[in-house]
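Residue-level listing of the chains:
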Amino acid sequence: KAFVEFKNANPFDHCIIDNFFVNDIGAKLEKEFPDYEDEIWQGYDNPLEVKKLTNVWNHFKPLTYKVLCEMNSIEFCDLISEQSGIDPLYSDDGLNGGGWHIHKSGGKLNPHLDYSIHPKLGLQRKLNLIIYLNSNWKNTWGGFLGLWGNETSQKPGKLIKSIEPKFNRAIIFDTTQNSWHGLPEPITCPKNQYRKSIAIYY
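Residues numbered from 1 in each chain as written. Predicted model: local features only at pLDDT ≥ 70, side-chain atom pairs only at ≥ 80, totals over all residues. Heavy atoms only, no water.

**Let's talk about the overall build of the protein chain**
The number of helices and strands found in the protein chain is 3 helices and 11 strands. Along the protein chain, helices (α) and strands (β) appear in the sequence β-α-β-β-α-α-β-β-β-β-β-β-β-β when read from the amino end. Taken over the C-alpha trace, the protein chain has a radius of gyration of 16 Å; the compact-globule value for 202 residues is 17 Å, and the two agree within 12%. Across its three principal axes, the protein chain shows a C-alpha extent of roughly 40 × 35 × 35 Å. Looking at the protein chain as a whole, 49% of its 202 residues are labelled buried. Restricting to contacts in the protein chain with at least 6 residues of sequence separation, those with at least 24 account for 78%. Summing over all exposed atoms, the protein chain offers an accessible surface of approximately 10400 Å²; the carbon and sulfur share of this is 50%. (Helix = DSSP H or I, 4+ residues; strand = E, 2+ residues; numbered from the N terminus. Rg over C-alpha atoms; globule rule 2.2 N^0.38 Å. Buried < 20%, exposed > 50% of the residue type's maximum accessible area, 1.4 Å probe, protein only. Contact = heavy atoms within 4.5 Å. Areas by Shrake-Rupley, 256 points an atom, 1.4 Å probe, with all protein chains shown as cover.)

Now the structure itself:
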């Protein structure tokens, strides 16, 4: 049902799916996230972004590993393709730029456009799927995903939509429509809380 809104969304094709994982799968995935200071993370700390991520399959705990395998499967790609009307779609088994993402207090990500051509597959990056996994998150801490108007590929237009990173909420969006997105305002969560997400690209 969420995909009914996909093609008519503003400022670019997208939809939001709450309660993405059934039963307690989301809670179990949340618990599998490593500590922020764990050595597995690849860190980014510069004027454009403050975050950590890992896309190394050996770092993922068992359930996360299984879920990512499922979401990279032919069957799941076919489902997303059918629902979005984008055919064909392929998974990125290497999770280039995807996997586990985590932001601490002060974390941010300036409005940006994602890379358009996969550096190794040579295929166009078409869709992002992001699922938020912090059950304790409060909206007063920020961390909302902003979607900006897409007049040009040189700079974002007006902020059109802010999406709260609610627990077990997924957003799927087309990255090829001058799809400016990010979270430019530094997060203000307590030091023992983190904005956690899983990202998969197609």
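**Structural notes on the pairing of strand S5 (residues 108–112)**
Pairing of strand S3 (residues 49–54) with S5, which is carried by 2 bridges, proceeds in the antiparallel orientation. Paired with Val 50 across the bridge in S5 is Lys 108. Sheet analysis places S5 next to strand S10 (residues 181–183), joined by 2 bridges and oriented antiparallel. Each residue of the ladder has a partner; that of Leu 109, found in S10, is Leu 183. (Pairing = 2+ DSSP bridges.)

**Side note on the packing of aromatic side chains**
Applying the stated rule across the entire model yields 12 aromatic pairs. Through successive ring pairs, a cluster of aromatic residues spans Phe 33, Trp 41, Trp 57, Phe 60, Tyr 65 and Trp 100. We note Lys 52 situated over the ring of Tyr 36; from NZ or CZ to the ring centre the distance is 4.1 Å. Looking at Arg 125, its charged tip hangs above the ring of Tyr 115, at a distance of 4.5 Å from the centre. (Phe/Tyr/Trp six-rings, centres within 6.5 Å; stacked < 30°, edge-to-face > 60°. Lys NZ or Arg CZ within 6 Å of the ring centre and 35° of its normal.)

**Observations concerning the layout of surface pockets**
Its volume calculated, the largest pocket comes out at about 610 Å³. Along the walls of the largest pocket sit 29 residues, with Lys 51, His 101, His 112, Asp 114 and Tyr 201 positioned nearest its centre. For the lining of the largest pocket, the elements supplying multiple residues, two or more each, are strand S2 (42–45), S3, strand S4 (99–103), S5, strand S6 (127–132), S10 and strand S11 (195–201). Its residues assigned to classes, the lining of the largest pocket shows 13 nonpolar, 11 polar and 5 charged. Considered as a void within the structure, the second largest pocket measures approximately 220 Å³ in volume. (1 Å grid on protein atoms, 1.4 Å probe; cavity = no way out; pocket = protein on both sides within 12 Å on 5 of 7 lines; lining within 4 Å. Points joined across faces, edges and corners; volume = space filled by probe spheres on them. Nonpolar A, V, L, I, M, F, W, Y, C, P; charged D, E, K, R; others polar.)

**A short note on helix H3 (residues 74–84)**
Taken together, the buried positions of H3 are occupied by Phe 76, Cys 77, Ile 80, Ser 81 and Ser 84. Each buried residue of H3 lies within a common arc of 140° when the element is viewed along its axis, so the set occupies one face. Across H3 from its buried face, at more than 90 degrees, point the exposed residues Ile 74, Glu 75 and Glu 82. Structurally, H3 contributes buried residues whose contacts are with helix H2 (62–71), S6 and strand S9 (170–174). (Arc of directions from axis to C-beta.)

**Re H2**
Inspection of H2 places Thr 64, Val 67, Leu 68 and Met 71 among the buried residues, and these make up the whole buried set. The buried side chains of H2 occupy one side of the element, clustering within an arc of 100° when seen end-on. In H2, the exposed residues that point more than 90 degrees away from the buried face are Pro 62 and Lys 66. Where the residues of H2 are buried, they touch helix H1 (25–31), H3, S4, S6 and S11.

**Re unusual backbone geometry**
Here the bond from Asn 10 into Pro 11 is cis, since omega is 15°, no more than 30 degrees from zero. Secondary-structure assignment places Pro 11 in the segment before strand S1 (14–17). The peptide bond linking Asp 87 to Pro 88 adopts the cis configuration, its omega dihedral lying at 5°. With respect to the helices and strands, the residue Pro 88 is situated in the loop between H3 and S4.

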